[in-house]
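Listed below are the residues making up each chain.
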Amino acid sequence: MTQSSIPLETAGTNGTRSLIVAAARNYYVMSVLSVVAFFALWQIVSMNVPPIILPTPASVIAAFVQLTASGELVVATAETIWPFVVGLAVAFVVGTALGLLLGIFRPAARVLDPYIFVFWSIPNIAWLPLFIAWFGVGDLTLVIFVFISAVFPQLLTVEAGAKEADSFLVEVARSLGGTKHEILRAVVLPSSIPYIVAGLRIAAGRALVGIIVGQLLIVATGIGYMFQFYGETLALAKYFAPLIVVAVLAVALNRAVNWAEQVLVPWKSRAFT
Amino acid sequence: MPELEFVNVRKTYASPTGDRLLALDNFTLKVEGGRFVTVIGPSGCGKTTLLRMAGGLIPLDSGEIRLDGSVLANPSPKMSMVFQGIGLMPWRTIAANVALGLQFQSHRQRLTDEEERLIETTLALVGLTGFEHYYPHQLSGGMQQRVGLARALARQPEILLMDEPFGALDAQTRAVLQDELLALWGRVKSTVLFITHDLDEAIYLSDRVVIMGRRPGRIKEVLDVNLPRPRYGYDVRAEHEFARLRAIAWKSIREEL
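Let me begin by describing the structure that accompanies this report. Note that the structure is predicted; figures quoted are calculated from it, not measured. (Residues numbered from 1 in each chain as written. Chains lettered and ligands numbered in written order. Predicted model: local features only at pLDDT ≥ 70, side-chain atom pairs only at ≥ 80, totals over all residues. Heavy atoms only, no water.)

1. Notes on the overall build of chain B
Next up, step 1: Assigned secondary structure in chain B consists of 7 helices and 10 strands.
Next up, step 2: The C-alpha atoms of chain B give a radius of gyration of 18 Å, which matches the 18 Å a tight globule of 257 residues would have.
Next up, step 3: Referenced to the eigenvectors of the C-alpha coordinate spread, the extents of chain B come out at roughly 50 × 45 × 35 Å.
Next up, step 4: In chain B, buried positions account for 52% of the 257 residues.
Next up, step 5: In chain B, the proportion of contacts linking residues at least 24 apart, taken out of those at least 6 apart, comes to 71%.
Next up, step 6: Surface accessibility of chain B: about 11,200 Å² in total, with carbon and sulfur atoms responsible for 49%.
Next up, step 7: Here chain B contributes 31 positive and 31 negative side-chain charges, whose respective centroids are spaced 3 Å apart. (Helix = DSSP H or I, 4+ residues; strand = E, 2+ residues; numbered from the N terminus. Rg over C-alpha atoms; globule rule 2.2 N^0.38 Å. Buried < 20%, exposed > 50% of the residue type's maximum accessible area, 1.4 Å probe, protein only. Contact = heavy atoms within 4.5 Å. Areas by Shrake-Rupley, 256 points an atom, 1.4 Å probe, with all protein chains shown as cover. Lys, Arg positive; Asp, Glu negative; His and termini not counted. Charge placed at Lys NZ, Arg CZ, Asp CG, Glu CD.)

Here's what the structure looks like:
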C-alpha cells in the first residue's frame, strides 16, 4: 500500500518534520533513502579504514566491472548456477514425491521416517568428505551436495502439508461419493500445493548455501571459489563481486517463488501484502 | 417418491474413559417420499449422528437405514448432503465446486455438455449466475452456502440431507435462504431430512417436525405442520397455527434443557 497522495499537503504546512513523516509513509522514498544512507555510511567508514579491511564502494564497482569484462565472473556464475539448478530440481521432484507419499500413505511413513530424521539431523557439511571419496572432486559431488541440502526441507514440508489435509473437506468429498483415489486427486493433492511452494522456498535457500559451501571448501569452481581465492589473497574489492552475484541470485529466487505461488495458489486470500 | 427409513438404529461412541457412550438407541423413523422432515433437539441428542449415518459417512452399530427398501451403507449417489461448515474446496472456482459433486457421482473427470448445462442452470437457480469463476473466499457466507446448495442440487438427488445448513449465517441471510430453499424444494421435490436447533426454522420449513430427547437420542414428539404452501408467499409466522405448534414444541424441548 502506497500512500503518496496523502502527505503532500501536510508537508507544505508543517515544514521539515512533516516532510520526514511524509517520506516515511512512502515505501519507494524509504527504499531509496535506505540505499543512499547505506552507501553513504559505507563510503564514510571505508575512507577511514585501510582498504584491506573495507574497500570503498567505487573500488568495488570498478572490480565488479573488471571481473565481468574479463569474463571471470560470468564463467563462475555459470559454474555455480548449473549444479545448483540441477541439484535443486532433482531435490524438488524427489522431495515433493516422497513427501506426498509419506504424508498420504502412513505405512511408508512408519518405515521411512526414522531414516529421514537421522539423515536430516546430520549436518550437511559432514557429507562432503564422503561424497568426494565416492563421486570425486567435480560437478557430480556438487549436484549431490545441493540435492542433499535441499531435499529434506522439501520433503518434510510437503509431508506435513499432505498429512494436514482438512479432514472436513475429505468428509465432504466422501459424502459426494468420491473414491479414495478421487479424493486424493481432488482434495489431498490440491491442499498440499501451498506446502509444496513453501518447501521450495526453503529448499532453494538451502541449495544456494550448499552450492557456495561446496565450491568454497572442496571443488574450487564458480562463485564459491571466488570467495575463497579473493578472501585468501585479501583482494577485498574483488571479493565483493561474487557477493553481489549471490545477493542478486537470492533475490531472483525469492521473486521466482513468489511468482510461482501466485500462479499455483490463486485461491489464497492474502492477509498481508 | 424415494423414502428414507431408520429401523432400530443404535450407535455408540468410545468415551475418553474407555466405556461406550450410547448416542442413539432403538431409533426408528420413516421419512416419506417427497416430504420435508426436520429433526430438532438439544445439542448432543444425536441428530447430527443420525444424518451422518444416513449419508453413509459413519457406520451404525446395529439396525438399518433403508433407501426405498434397500439397505444403505456407503454414501449414495442418490443423496446429497449440505453442511453447516459448507466445505467448499478453496482451490476450486464456484463452477468447479458444483462440478465436483457431478464428477464424484459419475466417476468421470470430464463433464458432459449436459452436465455443463446443469451446473449453469443450478447456479442460476441459486442466484449465482456471473460468479462461476470466483473463488469461495471471494463470496459472503450466505453466497457460499448457496454454492453448497447448488453442489447438492446439481446431483439431482432423490434425498437431500441438510445438517444445520444455515446455522452459521446471520439472521437476515438465514431468513432469505430459508425462503430460497422452500422455493427450490418446490421445484425439485426431493425428500428432505433437515437438522436444526432453531424451532422457528423447523416449523417454517417442514411438513413434519421430529423433536428428539436427550441422550440416548430418541424421538420424543412428532408434529405435523399443515400450514399451506408456498409459505414464503405470506406471513406464516403470524398464523395462529404457527404459534400453536411453536408452543407445543417449545414446551417439549424445554423439558430436555
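Read on, since the account is not over.
2. Examining the sheet that holds strand β2 (residues 20-31) of chain B
Residue and element names in this part refer to chain B.
Next up, step 1: The antiparallel open sheet is built from 4 strands, whose spatial order is β2-β1-β4-β5. Strands at the two margins of the open sheet, each flanked by one partner only, are β2 and β5 (70-71).
Next up, step 2: In this sheet, β2 lies alongside strand β1 (residues 4-14) in antiparallel orientation, the contact comprising 8 bridges. Residue pairing for β2: Y13 is matched across the bridge by L21. (Pairing = 2+ DSSP bridges.)

3. Remarks on the interface of chain B and chain A
Next up, step 1: Chain B puts 25 residues into the contact, and the matching count from chain A is 22 residues.
Next up, step 2: Buried surface at the junction of chain B and chain A, both sides included, amounts to about 2,100 Å², of which 68% is carbon and sulfur.
Next up, step 3: Ranking the residues of chain B by area buried against chain A places L57, W91 and F104 of chain B at the top, with a combined share of 34%.
Next up, step 4: Joining chain B to chain A, the criterion identifies 1 salt bridge.
Next up, step 5: Ionic pairing is found between E171 of chain A and R52 of chain B, a salt bridge with its closest N-O pair at 2.5 Å.
Next up, step 6: Taken together, chain B and chain A are joined by 6 residue pairs in polar contact (both at pLDDT 80 or more).
Next up, step 7: Here the side of chain B that touches chain A gets 5 residues from one element, more than from any other, and that element is helix α2 (residues 94-106) of chain B. (Buried area = accessible area lost by both parts, 1.4 Å probe. Salt bridge = Lys/Arg side-chain N within 4 Å of Asp/Glu carboxyl O. Polar contact = N/O pair within 3.5 Å; in protein donor to acceptor, adjacent residues only side chain to side chain.)

4. Re a nonpolar patch on the surface
Residues and elements named next belong to chain A.
Next up, step 1: The grouping of V111, L112, Y115, F117, V118, F119 and W120 at the surface amounts to a nonpolar patch, some 710 Å² of accessible area in total.
Next up, step 2: Inspection of the secondary structure puts F119 in helix α6 (residues 106-121).
Next up, step 3: F119 gets classed as partly exposed once you look at its relative accessible area, which sits at 38%. (Patch = residues over 30% accessible without salt bridge, like charges linked within 9 Å, V, L, I, M, F, W, Y side chains within 5 Å.)

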